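Each chain is listed here by its residues.
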Amino acid sequence: QPTNPAPTKGGGGAETGESFAQFFPHFLWVVRDFGLQLCDEGGATITSKQYLERALTPTQGFSETAEVKNKIRRMLLAFFPDRDCVTLKRPVEDESMLQELDSVEWSDLRPEF
């Protein structure tokens, strides 16, 4: 049992998650096997953090799928005001080597990895 529980909003108001953010750690999204070019619509280079922020932008539409995805985005934004993203390239190009990474020599790994 926690000795100092996190405060909740009284009076039955809607909880946005912002009051809990102070109790949550920083959010680090590690994207494995990343193969996209980090650039915006105009072709300018963006950072992996900017990529994350763009991924958290709500999608348009009112379908159930869009609503569920947007709810997750809102929660991540509210609970984790401090967030970052790191992208990792595939360790090797050869598909067969991916199945046996534990036995691959360090020299066979891609330099970007």
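Description of the structure in this document. (Residues numbered from 1 in each chain as written. Predicted model: local features only at pLDDT ≥ 70, side-chain atom pairs only at ≥ 80, totals over all residues. Heavy atoms only, no water.)

### So, unusual backbone geometry
Peptide bonds are trans in most cases, and residues, glycine excluded, mostly fall at negative phi.
So, step 1. Located in the positive-phi region is Asp-33, a residue other than glycine, with phi close to 55 degrees.
So, step 2. Position of Asp-33 relative to the elements: it lies in the loop between strand E1 (27-31) and helix H1 (48-55). (Helix = DSSP H or I, 4+ residues; strand = E, 2+ residues; numbered from the N terminus.)

### What to know about the side chain of Arg-83
So, step 1. Along the chain, the position of Arg-83 falls in strand E2 (residues 83-87).
So, step 2. There is a polar contact of 2.5 Å between the side chain of Arg-83 and the backbone oxygen of Phe-80.
So, step 3. Of the polar contacts made by the side chain of Arg-83, one reaches the backbone oxygen of Pro-81; its length is 3.5 Å.
So, step 4. If sequence neighbours within four positions are ignored, Arg-83 has contacts with Phe-27, Lys-49, Leu-52, Glu-53, Leu-56, Leu-76 and Leu-77. (Polar contact = N/O pair within 3.5 Å; in protein donor to acceptor, adjacent residues only side chain to side chain. Contact = heavy atoms within 4.5 Å.)

### Quick word on the pattern of salt bridges
So, step 1. Counted by the stated rule, this structure contains six salt bridges.
So, step 2. Here Asp-33 makes a salt bridge to Arg-32, at a shortest N to O gap of 3.7 Å.
So, step 3. Arg-32 gets classed as exposed once you look at its relative accessible area, which sits at 66%.
So, step 4. A salt bridge links Arg-110 to Glu-93; the nearest nitrogen and oxygen atoms lie 3.2 Å apart. One end of the pair, Arg-110, is in the segment after helix H3 (95-98); the other, Glu-93, is in the loop between E2 and H3, with 17 residues separating them in the sequence.
So, step 5. With relative accessibility at 56%, the residue Glu-93 sits in the exposed group.
So, step 6. Overlapping salt bridges, with partners in common, bring together Glu-93, Arg-110 and Glu-112 in one network. (Salt bridge = Lys/Arg side-chain N within 4 Å of Asp/Glu carboxyl O. Buried < 20%, exposed > 50% of the residue type's maximum accessible area, 1.4 Å probe, protein only.)

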